[in-house]
Each structure stands twice: as C-alpha cells, then as structure tokens.
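# Analysis of the macromolecular model
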Amino acid sequence: MVAIKTKFNGESIEVPAELRGAKPTEVVVVFEEPATVQGKGGHSIWDVVARSTGTRTAEDIDAQVRAERAEWGDR
C-alpha cells in the first residue's frame, strides 16, 4: 500500500506525476477534516460526491461514513 498526499480541486483529485500510467488498482480516499471545498462557498465535500452520483444527499453520505467508522472501531 502506498499513501500519498494530493489535492482535491472541487471536481477531481490530482494524480501525482509519478503515479500516472500505473496499472489500474483499487484506491482508498481519505478526506482531512474539515472537509470543505475551497472556493465553492464552503460546501461539504460530500455535496460534491453526492452530485457525482446524483442519487444521495451529503447528509446521507456523511451518516453512512460515520456509521462505517463506528463499525471499524468495534472490530
């Protein structure tokens, strides 16, 4: 597993040059708190994620993430 720190510009996640062209694989995305989108009026990052799927609200996504984090703590 490789951990990198990069930027989210409100629409996409920047991929560092050294990782471009790597073979496809699963990734884990972790947003640092506070999760706000710079330059977008302070909307939650989950508003952006919800818009990308078009089916869930930011509150729904946040509730699911919090529940999953709590479940991980129980293991």
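Preceding block: the structure.
So, a few notes on the structure that sits alongside this text. (Residues numbered from 1 in each chain as written. Predicted model: local features only at pLDDT ≥ 70, side-chain atom pairs only at ≥ 80, totals over all residues. Heavy atoms only, no water.)

## Describing the overall build of the chain
When its secondary structure is counted, the chain shows 2 helices and 0 strands. The proportion of buried residues among the 75 residues of the chain is 15%. Taking as baseline every contact in the chain between residues at least 6 positions apart, the subset at least 24 positions apart corresponds to 24%. With the model as given, the accessible surface of the chain reaches about 6,500 Å², and the carbon-plus-sulfur share is 54%. (Helix = DSSP H or I, 4+ residues; strand = E, 2+ residues; numbered from the N terminus. Buried < 20%, exposed > 50% of the residue type's maximum accessible area, 1.4 Å probe, protein only. Contact = heavy atoms within 4.5 Å. Areas by Shrake-Rupley, 256 points an atom, 1.4 Å probe, with all protein chains shown as cover.)

## Digging into the pattern of salt bridges
Counted by the stated rule, this structure contains 1 salt bridge. Its salt-bridge partner being Asp62, residue Arg66 comes within 3.0 Å of it at the nearest N-O pair. A residue pair is termed a helical-turn pair when its members lie 3 or 4 positions apart in one helix, as Arg66 and Asp62 do in helix H2 (residues 58-73) at 4 residues. Using a relative accessible area of 53% as the deciding quantity, one classes Arg66 as exposed. (Salt bridge = Lys/Arg side-chain N within 4 Å of Asp/Glu carboxyl O.)

## Side note on H2
A rise of 1.5 Å per residue sets the reference length of H2, with its 16 residues, at 22 Å; its end C-alpha atoms lie 23 Å apart and thus fit the reference within 8%. Along H2, the residues classified as buried are Ala58, Ile61 and Val65. For H2, the arc enclosing every buried residue in end-on projection is 70 degrees, short of the 170-degree limit, so these residues lie on one face. Exposed side of H2, more than 90 degrees from the buried face: Glu59 and Arg66 are the residues found there. (Expected span 1.5 Å × (residues − 1). Arc of directions from axis to C-beta.)

## Notes on a nonpolar patch on the surface
A cluster of nonpolar side chains, contributed by Val2, Ile4, Val15 and Leu19, occupies part of the molecular surface with about 340 Å² of accessible area. Mapped onto the elements, Ile4 comes out in the segment before helix H1 (45-53). Owing to a relative accessible area of 43%, Ile4 belongs among the partly exposed residues under this scheme. (Patch = residues over 30% accessible without salt bridge, like charges linked within 9 Å, V, L, I, M, F, W, Y side chains within 5 Å.)

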